[in-house]
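# Structural features, examined
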Amino acid sequence: MTSIGTGYDLSNSVFSPDGRNFQVEYAVKAVENGGTAIGIRCKDGVVLALEKLVTSKLLKKDANKRIATVDRNAGVVHSGLLPDGRHFVSRARDEASSWRGTYKAPIPGSALANRMGAYVQAYTLYNSVRPFGITAIIGGYDAETELSVDGAVGNGPKVGAGGKTQGVKEGGPFLYMVEPSGLYWGYYGAATGKGRQAAKAELEKLKLDPKEGNCISLEEGVKEAARIIYVAHEDSKDKEFELEMTWISSMSGPTKGRHEEVPKALREEAERLAKKSMEGEEEEEEKMEG
Amino acid sequence: MQQTGMLGEDGIHIDMNHLKSGEVNLGTSIMAINFKDGVILGADSRTTTGAYIANRVTDKLTQVHDTIWCCRSGSAADTQAVADIVQYHLGMYGVTNDEPPTTQTAAALFQELCYENKDSLSAGIIIAGWDHRHGGQVYAIPLGGSLHKQAYSIGGSGSTYIYGYCDANWREGMSEQEGIAFVKGALQEAIKWDGSSGGVIRMVVLTAKGAVRHLYLPDRNYEGPGTDKP
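Looking at an unreviewed UniProt entry, one finds chain B named Proteasome subunit beta and attributed to Extremus antarcticus. What UniProt states about chain B under its Function (unreviewed entry) heading is, verbatim, "Component of the proteasome, a multicatalytic proteinase complex which is characterized by its ability to cleave peptides with Arg, Phe, Tyr, Leu, and Glu adjacent to the leaving group at neutral or slightly basic pH. The proteasome has an ATP-dependent proteolytic activity." Taken verbatim from the UniProt record of chain B, the Catalytic activity (unreviewed entry) comment is "Cleavage of peptide bonds with very broad specificity."

Identification of chain A as Proteasome subunit alpha type from Extremus antarcticus is taken from an unreviewed UniProt entry. Entered under Subunit (unreviewed entry) in the UniProt record, the comment concerning chain A runs "The 26S proteasome consists of a 20S proteasome core and two 19S regulatory subunits."

Here it is in structure tokens:
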């Protein structure tokens, strides 16, 4: 364990002499024990996936959902202390709704991540509170098409507004990860929780940079996400788990710009392929030995 | 029945004595149009206190962001205050979100202020703006605080005289010159017939190139000087 008895780990608002905040580091430990959560930013959408460890045989299957919808176009998956995650989600919903109240439009992913980062960071400053015991992945889609102002009437000119700059593309899929310190970055692929190392190694193999071309599609992303969760589960094979997956596409894609659960048929197909690829790898390993 | 803003009990007739004595009013002709490359805002320049012309060269075209402007009608004090608040919010939006606000953002802010304070405001505002993503857009917020996206919009007391003119002469996708001629023609008629409109014609053209002001004087038959930028 890190430094026992220095006293600098007892309070949030106190730095250790070498400039660390131990409470935040302990919060990271809490996250490292949670089930693996990942997010993949594909060419035409985002997938969020979670390894939900089954803590009791008495829990109803496919119930107790853990990936939350924050606004029509954004979702959150988190790893770590569950109740902390619920509080995070509740705040994210408040932020999304307050943005809509002011600007009559959905909150952009960058603004949501920024506000949630600031919120989490505030819990590292005061000794009356403790930091969040979660790392949260925020995924969603900023509309590329023109959205009307909430509640506005009329459409403007029939031929469309004049003077648009040609070739300007705005909006698109977004993926952010917020850590207990409040630090957040935008990612192509994000992973957190117990199996994050294995998951990151797999994510790095994927083609996710849209600038390089042949960036994977949303449907491929769903299959990869399922496979990665299965790979990440390898180290805790003895424990049972459920795979929870949500996705979001553009207005013209399969989810019509909404964050929703991956349809059962598609998820089961992805799981079948994931299991198959795992078996395949095992066979190869055996061959190597032989 | 409770009164809603300036509307009388029947919901049709306007309380002509709603102004406090000495309140400055923009008995006005304002308009904004979409054209091929963006939007054009136009307005007369008369401000009245009752029958007295308090200002004959008023600027009713107010900037709230780089290429988002508005035309103000109703109480000068109310609309200036509302525009100031929106300008502040759009400025903050620009720096906190690291990208300029869109015309929609401005329209949403204007509407919230006009709707929530409808009982104490007399403000009829037209918002017109240009941004990379949406090009030109025109929104109207009449007295009750509703929000309307329009191809073109006319407002103020003088607008009642030019509904026919605009309907007959309006075309989609006009060039800049055609757009200026349309706005100028409409406002000339409004000024001619409306006693509370008059003075010079001011315009602002909003395109990818930014904002350009125009001025047309009555003693030059509204033909110039136009703009000092080529």
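All names here are of chain B. Listed under "active site" (unreviewed entry) in the UniProt record, and renumbered for this structure, are Thr28. If we ignore the near neighbours within four places in the chain, the residues touching Thr28 are Asp44, Lys60, Arg72, Ser73, Gly155, Gly156, Ser157, Gly158, Ser159, Asp194, Ser196 and Ser197. Of the polar contacts made by the side chain of Thr28, one reaches the side chain of Lys60; its length is 3.2 Å.

It is worth spelling out the nonpolar core at this point. With 46 residues, the main nonpolar core has Phe88, Leu112 and Ile138 of chain A together with Val64, Phe110, Ile125 and Ile127 of chain B as its most contacted residues. With sequence-adjacent residues up to four places away left out, Ile127 of chain B is seen in contact with Ile68, Trp69, Cys70, Thr103, Ala106, Ala107, Phe110, Gln137, Val138, Tyr139 and Ile141 of chain B.

In this section: the interface of chain B and chain A. Taken together, the contacts link 28 residues of chain B with 28 residues of chain A. Interface area for chain B against chain A, summed over the two sides, is near 2200 Å², with a carbon-plus-sulfur share of 50%. On the chain B side of the interface with chain A, the three residues burying the most area are Arg133, Lys149 and Glu172 of chain B, jointly 30% of the side's total. On the surface where chain B and chain A come into contact, there are 2 salt bridges. The partner of Glu146 of chain A in a salt bridge is Lys149 of chain B, with the nearest N and O atoms 3.9 Å apart. At the junction of chain B with chain A, the criterion picks out 13 residue pairs in polar contact (both at pLDDT 80 or more). Mapped by element, the contributors of at least two residues to the side of chain B that touches chain A are strand 2 (30-35), helix 2 (103-116), strand 9 (135-141) and strand 10 (148-150) of chain B. Counting residues per element, the side of chain B that touches chain A draws most heavily on helix 2 of chain B, at 6 residues.

Here we take up the UniProt feature "domain: Proteasome alpha-type subunits" (unreviewed entry) in chain A. The positions that UniProt labels "domain: Proteasome alpha-type subunits" (unreviewed entry) are, in the present scheme, residues 8-30 of chain A. Here residues 8-30 of chain A runs as 39% helix and 0% strand, with 19 Å between its end C-alpha atoms.

Moving on to the sheet that holds strand 1 (residues 37-42) of chain A. All names here are of chain A. Spatial strand order, 8-1-2-9-10: 5 strands in an open sheet with antiparallel pairing. Of all the strands in the sheet, just strand 8 (189-192) and strand 10 (260-261) have a single pairing partner and so form its edges. Where strand 2 (residues 45-53) lies against strand 9 (residues 241-249), 9 bridges are found, and the strand directions are antiparallel. The residue of strand 9 that forms the bridge with Gly45 is Ser249. In the packing of helix 4 (residues 196-205) onto the sheet, contacts are made with strand 1 and strand 8, and the angle to strand 8 comes to roughly 165°. Where helix 5 (residues 218-233) meets the sheet, it contacts strand 1, strand 2 and strand 9, and its direction lies at approximately 155° from that of strand 9.

On to the side chain of Asp142 of chain A, then. Within the secondary structure, Asp142 of chain A is located in strand 5 (residues 134-142). Although Asp142 of chain A is buried, it forms no salt bridge, and the closest oppositely charged side chain is Arg133 of chain B at an N-O distance of 7.6 Å. Once residues lying within four places of it in the same chain are set aside, the contact partners of Asp142 of chain A are Asn73, Ile107, Pro108, Gly109, Gly171, Gly172 and Phe174 of chain A.

Reading the values: rules and limits
Residues numbered from 1 in each chain as written. Chains lettered and ligands numbered in written order. Predicted model: local features only at pLDDT ≥ 70, side-chain atom pairs only at ≥ 80, totals over all residues. Heavy atoms only, no water. UniProt positions renumbered as here; feature names shortened; annotations may be inferred. Contact = heavy atoms within 4.5 Å. Polar contact = N/O pair within 3.5 Å; in protein donor to acceptor, adjacent residues only side chain to side chain. Core = buried A, V, L, I, M, F, W, Y, C linked by side-chain atoms within 4.5 Å. Buried < 20%, exposed > 50% of the residue type's maximum accessible area, 1.4 Å probe, protein only. Buried area = accessible area lost by both parts, 1.4 Å probe. Salt bridge = Lys/Arg side-chain N within 4 Å of Asp/Glu carboxyl O. Helix = DSSP H or I, 4+ residues; strand = E, 2+ residues; numbered from the N terminus. Pairing = 2+ DSSP bridges. Axes fitted to C-alpha atoms, helices over the stretch in contact; angles between N-to-C directions. Lys, Arg positive; Asp, Glu negative; His and termini not counted.

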